[in-house]
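So you can see what is in the structure, the chains are spelled out below.
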Amino acid sequence: MPIQAEQFAVPHPSQPVVAVAGSSLVFPVRRIHCVGRNYADHVKEMGHDGRELPIFFMKPADAVVADGSSIPYPPLTRNLHHEVELVVAIGRPARHVSIDRALESVYGYAVGIDLTRRDLQDEAKKGGKPWEASKAFDHSAPIGAISRVSEVGHLERGYIRLSVNGQSRQAGDISQMTWSVAEIIAHLSRSVQLIPGDLIFTGTPAGVGHLVPGDQMTAEIHGLSRLHVSIGAPSA
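Each value, and the rule that gives it
Residues numbered from 1 in each chain as written. Predicted model: local features only at pLDDT ≥ 70, side-chain atom pairs only at ≥ 80, totals over all residues. Heavy atoms only, no water. Helix = DSSP H or I, 4+ residues; strand = E, 2+ residues; numbered from the N terminus. Buried < 20%, exposed > 50% of the residue type's maximum accessible area, 1.4 Å probe, protein only. Contact = heavy atoms within 4.5 Å. Areas by Shrake-Rupley, 256 points an atom, 1.4 Å probe, with all protein chains shown as cover. Core = buried A, V, L, I, M, F, W, Y, C linked by side-chain atoms within 4.5 Å. Pairing = 2+ DSSP bridges. Axes fitted to C-alpha atoms, helices over the stretch in contact; angles between N-to-C directions. 1 Å grid on protein atoms, 1.4 Å probe; cavity = no way out; pocket = protein on both sides within 12 Å on 5 of 7 lines; lining within 4 Å. Points joined across faces, edges and corners; volume = space filled by probe spheres on them. Nonpolar A, V, L, I, M, F, W, Y, C, P; charged D, E, K, R; others polar. Phe/Tyr/Trp six-rings, centres within 6.5 Å; stacked < 30°, edge-to-face > 60°.

## Considerations on the overall build of the protein chain
Counting its secondary structure elements, the protein chain contains six helices and 18 strands. Along the first, second and third principal axes, the C-alpha set of the protein chain runs to 50 × 45 × 40 Å. When each of the 236 residues of the protein chain is scored for burial, the buried share is 49%. Look at the contacts in the protein chain between residues 6 or more apart in sequence, and 77% of them connect residues 24 or more apart. For the protein chain, the exposed surface amounts to about 11500 Å²; the carbon and sulfur share of it is 52%.

In structure tokens:
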């Protein structure tokens, strides 16, 4: 039986959504899964080496930020970093799916930025603690409009890049991902059931770097809608 509005003990939060390119549709966000260390050059710049099994962490659904937004500089950090990523939008359930069938669950693709409080992450790593505080904060998941698979196909190669104030910071090719989109979905579906509305951030190439208030970021992946966001002053 549907829940009536008057049954909620507190005001019901709004549904986080992402625009769908070329339409008036919006994609309702359920969960945001993220993959760490999925480009060899970024793995090396972070002091690691080798092909490890995918590392997964999460962000809250309401961390999504739309194209054109100004993002308040987050609290508790002096070292906010950008990480440009290919984002996968799930459109069909996937549980224990094979690599060969994994792409059948994909609704579309977008460009996103995994904002990271790097100083908090470094402290957590040193103490063997979870990364959550460094990754899962307010406004930490800017994402551009989702392009549907029916229009762009499945992306296997093409540039991925990010500039800050017009200066190139990150540049690579999505073909350089250690684990492909199909492999990521297959691995993740062994741990949790993927449901329509889930997003997967698939990792970042080398060149991650520091952001300050006033910075303007442009993130691009070949064939997808561009993402432009800025960093504003800290919230009052």
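Having seen it, we continue.
## Examining the nonpolar core
Core analysis: the biggest nonpolar cluster contains 42 residues, and Leu-86, Tyr-109, Ile-185, Ile-200 and Met-217 have the highest contact counts within it. Those elements that place two or more of their residues in this core are strand S8 (84–90), strand S9 (106–113), strand S13 (159–164), helix H6 (181–191), strand S17 (216–221) and strand S18 (227–232). When residues in this core are grouped by element, the largest group, five residues, is from H6. Here Ile-185 is in contact with Val-88, Ile-90, Val-97, Ala-102, Ser-105, Val-106, Leu-194 and Ile-200, once residues within four sequence places are set aside. With 19 residues, the next largest nonpolar core counts Val-18, Ala-89, Ala-141 and Ile-146 among its residues.

## Overview of the sheet that holds strand S3 (residues 32–36)
Across the sheet, which stays open at both edges, the six strands sit in the order S4-S3-S15-S8-S9-S12 with mixed pairing between neighbours. In the strand order of this sheet, the two ends are held by strand S4 (55–59) and strand S12 (147–148), each with one partner. Pairing of S3 with S4, which is carried by five bridges, proceeds in the antiparallel orientation. Within S4, the position partnered with Val-35 by the bridge is Phe-56. In the packing of H6 onto the sheet, contacts are made with S3, S4, S8, S9 and strand S15 (199–201), and the angle to S8 comes to roughly 60°.

## Quick word on the layout of surface pockets
A volume near 170 Å³ is recorded for the largest pocket. In terms of lining, the largest pocket is formed by Leu-103, Tyr-109, His-154, Leu-155, Glu-156, Ile-174, Ser-175, Met-177, Ser-180, Val-181 and Ala-182. The residue makeup of the lining of the largest pocket, split by class, is seven nonpolar, three polar and one charged.

## Structural notes on the sheet that holds strand S10 (residues 116–117)
Strand order in this open sheet of three strands is S10-S7-S16, and the pairing throughout is antiparallel. Each end of this open sheet is capped by a strand with a single partner; those strands are S10 and strand S16 (209–211). Both strand S7 (residues 80–82) and S10 contribute to a ladder of two bridges, which runs antiparallel. Counterpart to Leu-80 in the pairing with S10 is Arg-117.

## Concerning the packing of aromatic side chains
Per the counting criterion, the structure on display carries two aromatic pairs. Between Phe-27 and Tyr-107 the ring centres are 5.8 Å apart and the planes differ by 35°, which places this aromatic pair in the tilted class. One end of the pair, Phe-27, is in strand S2 (residues 26–28); the other, Tyr-107, is in strand S9, with 80 residues separating them in the sequence. The buried category is assigned to Phe-27, whose relative accessible area is 6%. Take Tyr-107: its relative accessible area is 26%, and that puts it in the partly exposed class. Ring geometry for Phe-57 against Trp-131: centres 5.7 Å apart, planes inclined by 55°, an arrangement best described as tilted. Taken together, the residues span a long stretch of sequence, with Phe-57 in strand S4 and Trp-131 in the loop between helix H3 (118–126) and helix H4 (132–135) at a distance of 74 residues. Trp-131 shares its class with Phe-57; the two are buried.

Take it as geometry only, folks, not as evidence of what the structure does.
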